[in-house]
Amino acid sequence: MARIVLGPNQYGKAEVRLVRVDRGSDRHTIADLNITTQLRGDFTACHTEGDNGHVVPTDTQKNTVYAFARDGVGAPEDFLLRLARHFTSAHAWVTGAHLSAEQYSWQRLGDHSFARAGRETRTASVEVDGESVVVTAGLKDCTVLKSTDSEFHGFPRDRYTTLPETSDRILATNVTAAWTYGRDGLDYDATYAGVRDLLLETFAAHHSLALQQTIFAMGEAVLERYDEIESVNLACPNKHHFLVDLEPFGLDNPGEVFFAADRPYGLIQATVLREHG
Ligand SMILES: O=c1[nH]c(=O)c2[nH]c(=O)[nH]c2[nH]1
């Protein structure tokens, strides 16, 4: 009989909610994050024998997040890199880590008052495996819509196909994007803002023949402008808007009144990357 062994494993504290107020002047700034730590390494004895000699408690991992925030947070990517370096250098058996963050933005109302700004949630992650470090940045929950400039036709039809072809429809989605940096020492805040704006500008300007084509155009635009980015992963639900039949009420509907369905939705995902060699 085959021996039963421990496979890949990781552990840490999920969703450490951190708010840091910078009181350097009367005009405060805030950083609002949700951080998840996952350590990788030699934890076999814990799983198979209950020997916790290698287990840095998840409570300690959470405390480390708060203690490191005392020195400032900065860009989420830089904060995660600091934490990852600490966890993997403090304990010989911790050989890797996957740290991730969501960052919520606040719009200033006054010197020390803010309103939550809801357009998108910024994301960041750092993956360390021995000497290898991969930094990924991104965004999620960014809902966008264009009321025309979107077509969908030319698809195969079989006995189950009822979808009409269209040369003018609403295209709406909730963008989740994650891009991977090919080098370090970057201004992560500035690059984030630039990539986010470029993704949205491309969505707006692109004449879409399919959400797949729009997604590719968005990723391609980012790779063309930012040579420090190696790949862009996009996941976009197709938030269907169906034209309502107003004929029973003696009314026409020239593309004006829609039923916004919430489910099911198409889910379109793609990675756009550079081909090396
Ligand atoms: O942009 C689209 N891509 C699809 O794959 C698809 N499938 C579908 O029913 N509508 C759409 N729209």
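Residues numbered from 1 in each chain as written. Predicted model: local features only at pLDDT ≥ 70, side-chain atom pairs only at ≥ 80, totals over all residues. Heavy atoms only, no water.

Under an unreviewed UniProt entry, the protein has the name Uricase and belongs to Nocardioides agri. According to the UniProt record, the Sequence similarities (unreviewed entry) comment for the protein reads "Belongs to the uricase family." Here the protein is described in UniProt, under the heading Catalytic activity (unreviewed entry), as follows: "urate + O2 + H2O = 5-hydroxyisourate + H2O2". (UniProt positions renumbered as here; feature names shortened; annotations may be inferred.)

Outline the sheet that holds strand 4 (residues 113–129), supporting the account with residue identities and numerical values.
Taking strand neighbours across the sheet as the criterion, the 8 strands line up as 1-2-3-4-5-6-7-10 in an open arrangement whose pairing is antiparallel. In this open sheet, the two edge strands, each paired with only one partner strand, are strand 1 (16–22) and strand 10 (266–273). The sheet shows a mean angle of 20° between the axes of neighbouring strands, taken without regard to direction. Sheet strands in contact with helix 2 (residues 58–69) are strand 1 and strand 2 (29–41), and its direction is about 10° off that of strand 1. Along the sheet face, helix 4 (residues 188–205) touches strand 4, strand 5 (132–146), strand 6 (171–181) and strand 7 (229–238) and points at about 40° away from the line of strand 5. (Pairing = 2+ DSSP bridges. Helix = DSSP H or I, 4+ residues; strand = E, 2+ residues; numbered from the N terminus. Axes fitted to C-alpha atoms, helices over the stretch in contact; angles between N-to-C directions. Contact = heavy atoms within 4.5 Å.)

Describe in detail the pairing of strand 7, supporting the description with residues and values.
The element strand 7 is largely enclosed, with a buried count of 8 among its 10 residues. With 6 bridges joining them, strand 6 and strand 7 adopt antiparallel strand pairing. Note that in strand 7 the partner of W179 across the bridge is V232. (Buried < 20%, exposed > 50% of the residue type's maximum accessible area, 1.4 Å probe, protein only.)

Provide a residue-level description of the UniProt feature "binding site: O2" (unreviewed entry) in the protein, including the pertinent values.
UniProt tags N238 as "binding site: O2" (unreviewed entry). Mapped onto the elements of the fold, N238 is located in strand 7. Residue class for N238 comes out buried when judged on its relative accessible area of 10%. Not counting residues within four places of it along the chain, the set of residues in contact with N238 comprises R169, L171, A172, L211, Y265 and G266.

So what's going on with the nonpolar core? Which residues, and what values?
Counting residues in each nonpolar core, the largest one holds 58 residues, and the members touching the most others are I35, F79, V175, W179, L199 and I229. Broken down by element, the residue count for this core peaks at 7 residues, all from helix 4. If you count residues domain by domain, this core takes at least three from each of domain 1 (7–130) and domain 2 (140–277). When sequence neighbours within four positions are dropped, the list of residues in contact with V175 reads L139, K140, D141, C142, V144, M218, L234, A235 and C236. (Core = buried A, V, L, I, M, F, W, Y, C linked by side-chain atoms within 4.5 Å. Domains from an automatic or database assignment.)

I'd like a description of the packing of helix 2 against helix 3 (residues 76–90), backed by residues and values.
Contact pair helix 2 / helix 3: the axes reach a minimum separation of 11 Å and the direction vectors enclose 130°. One finds that helix 2 runs oblique with respect to helix 3. Two packed elements cross with a definite hand, and for helix 2 against helix 3 that hand is right-handed. Every residue of helix 3 that contacts helix 2 at Q61, T64, V65, F68 and A69 is listed here: F79, R82, L83, H86 and F87. Class assignment of the residues belonging to the contact of helix 2 with helix 3 gives a composition of 6 nonpolar, 3 polar and 1 charged. (Parallel < 35°, antiparallel > 145°, perpendicular 65-115°, else oblique. Left-handed = near helix turned anticlockwise from the far one by under 90°. Nonpolar A, V, L, I, M, F, W, Y, C, P; charged D, E, K, R; others polar.)

Would you mind going over the packing of aromatic side chains in detail, with residue names and values included?
How two aromatic rings sit relative to each other is given by the distance of their centres and the angle of their planes. This model, assessed by the stated rule, comprises 4 aromatic pairs. On the numbers, 4.9 Å between centres and 15° between planes, the contact of F152 with F155 is stacked. Its relative accessible area of 14% is what places F155 among the buried residues. The ring of F203 carries K146 above its face, with NZ or CZ at 5.5 Å from the centroid. (Phe/Tyr/Trp six-rings, centres within 6.5 Å; stacked < 30°, edge-to-face > 60°. Lys NZ or Arg CZ within 6 Å of the ring centre and 35° of its normal.)

Let's hear about the environment of V144: which residues, and what values?
Along the polypeptide, V144 turns up in strand 5. Spatially, the C-alpha atoms of V144 and G255 are 18 Å apart, while their sequence positions differ by 111 residues. In contact with V144, not counting residues within four places along its chain, are L171, A172, T173, V175, L200 and F203.

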